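Okay, here's what each chain looks like letter by letter:
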Amino acid sequence: MQIADNKARHTQCVLMIIAGVLFFLIGTLILGSSGSRIKCTERVTATVKKNLEVKKVADGVARGSNTTKYMPVFEYEFGGKKYSTISKLASKPPEFAEGEVVTIRVNPKDPEEIYYTPRGGAFVMSVLFEIAGGALAVGGIVVFVVMKTKTKSPKQTLN
């Protein structure tokens, strides 16, 4: 009976670790592609030239309802050349005011690839997912290790 209980506990630990890793990855994806986060190393000052309206017609329950989000267009200079790049992140309401000066990060090998940390809801949600994921994964590992050290081998139980 004890062996079955231990297997169930081990399974629960593994599921906690998997859930933690998934939560952490979701938090990372909320902020945009992690590849852009890693590759975009050079900080530059950019001006928000405009906010492009992106309209989407909803499917499913809200079928036919329109959602409008805004994608900032950043203008900046890097390596002596001017660039104008549309963000991959959209928000409602617009995250930046037109004409606002912000700091973004640029990929030095491809200066049209940019990254910035979103403000407000997306940033808070991503941090919460990453913290929850880390806590679940670490908690699962700790419980697993504690259970392994407390579980007696069959030879010890017979003596």
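Keep in mind the model is a prediction, meaning the values are calculated, not measured.

Basis of the calculations
Residues numbered from 1 in each chain as written. Predicted model: local features only at pLDDT ≥ 70, side-chain atom pairs only at ≥ 80, totals over all residues. Heavy atoms only, no water. Helix = DSSP H or I, 4+ residues; strand = E, 2+ residues; numbered from the N terminus. Buried < 20%, exposed > 50% of the residue type's maximum accessible area, 1.4 Å probe, protein only. Salt bridge = Lys/Arg side-chain N within 4 Å of Asp/Glu carboxyl O. pLDDT = per-residue confidence, 0-100. Pairing = 2+ DSSP bridges. Phe/Tyr/Trp six-rings, centres within 6.5 Å; stacked < 30°, edge-to-face > 60°. Core = buried A, V, L, I, M, F, W, Y, C linked by side-chain atoms within 4.5 Å. Contact = heavy atoms within 4.5 Å.

Let's shift gears to the overall build of the protein chain. Looking only at helices and strands, one finds 4 helices and 5 strands in the protein chain. For the protein chain, the sequential pattern of α-helices and β-strands runs α-α-β-β-β-β-β-α-α. For the protein chain, with 159 residues in total, the buried portion stands at 28%.

Attention now goes to the environment of M125. Along the chain, the position of M125 falls in helix α3 (residues 121-150). For M125, a relative accessible area of 43% translates into the label partly exposed. Counting along the chain gives 97 residues from M125 to T28, while the straight-line C-alpha distance between them is 9.9 Å.

Let us look at the pattern of salt bridges. Counted by the stated rule, this structure contains 2 salt bridges. Across the salt bridge formed by E113 and K39, the nearest N and O atoms sit 3.8 Å from each other. With a gap of 74 residues between them, E113 in strand β5 (residues 110-115) and K39 in helix α2 (residues 34-39) connect regions that are remote in the sequence. You can call E113 buried: its relative accessible area is 13%.

With 77% of its residues at a pLDDT of 70 or more, the protein chain has an overall mean of 82. Confidence, read as mean pLDDT per element, is least for helix α4 (residues 154-158) in the protein chain (53) and greatest for strand β3 (residues 81-86) (96).

What follows concerns the pairing of β3. With 6 bridges joining them, strand β2 (residues 66-78) and β3 adopt antiparallel strand pairing. For E77, the partnering residue across the bridge sits in β3 and is K82. Taken together, β2 and the strand that follows it, β3, pair antiparallel across an intervening segment of 2 residues, in which G79 is found at a positive phi of about 60 degrees.

Our focus in this paragraph is the packing of aromatic side chains. On inspection of all chains with the given rule, the structure shows 5 aromatic pairs. Here F74 and F96 contribute two aromatic rings whose centre-to-centre distance is 5.7 Å and whose plane-to-plane angle is 70 degrees, an arrangement assigned as edge-to-face. Pair noted here: F74 is in strand β2 and F96 is in the loop between β3 and β4 (101-107), with a separation of 22 residues, a long-range link. Each member of the pair F74 and F96 is classed as buried. Ring geometry for F96 versus Y116: centroids 5.4 Å apart, planes at 65 degrees, classification edge-to-face. Of this pair, F96 sits in the loop between β3 and β4 while Y116 is found in the loop between β5 and α3, placing the two residues 20 residues apart along the sequence. Judged by relative accessible area, F96 falls into the buried class, the value being 5%. Taken together, the ring pairs in this structure connect F74, F96 and Y116 into an aromatic cluster.

Our next topic: the environment of A132. Inspection of the secondary structure assignment puts A132 in helix α3. Since its relative accessible area comes to 30%, A132 is described here as partly exposed. Between the C-alpha atoms of A132 and F23, which are 109 residues apart in sequence, the distance is 6.8 Å.

This part covers the nonpolar core. Membership of the largest hydrophobic core comes to 13 residues, with the highest contact counts inside it found for F74, Y76, V102, I104 and V106. Breaking this core down by element, the ones donating at least two residues are β1 (42-57), β2 and β4. Leave out the neighbours within four places in its chain, and Y76 touches V44, T45, A46, K81, K82, Y83, T85, I104, V106, P111, E112 and I114.

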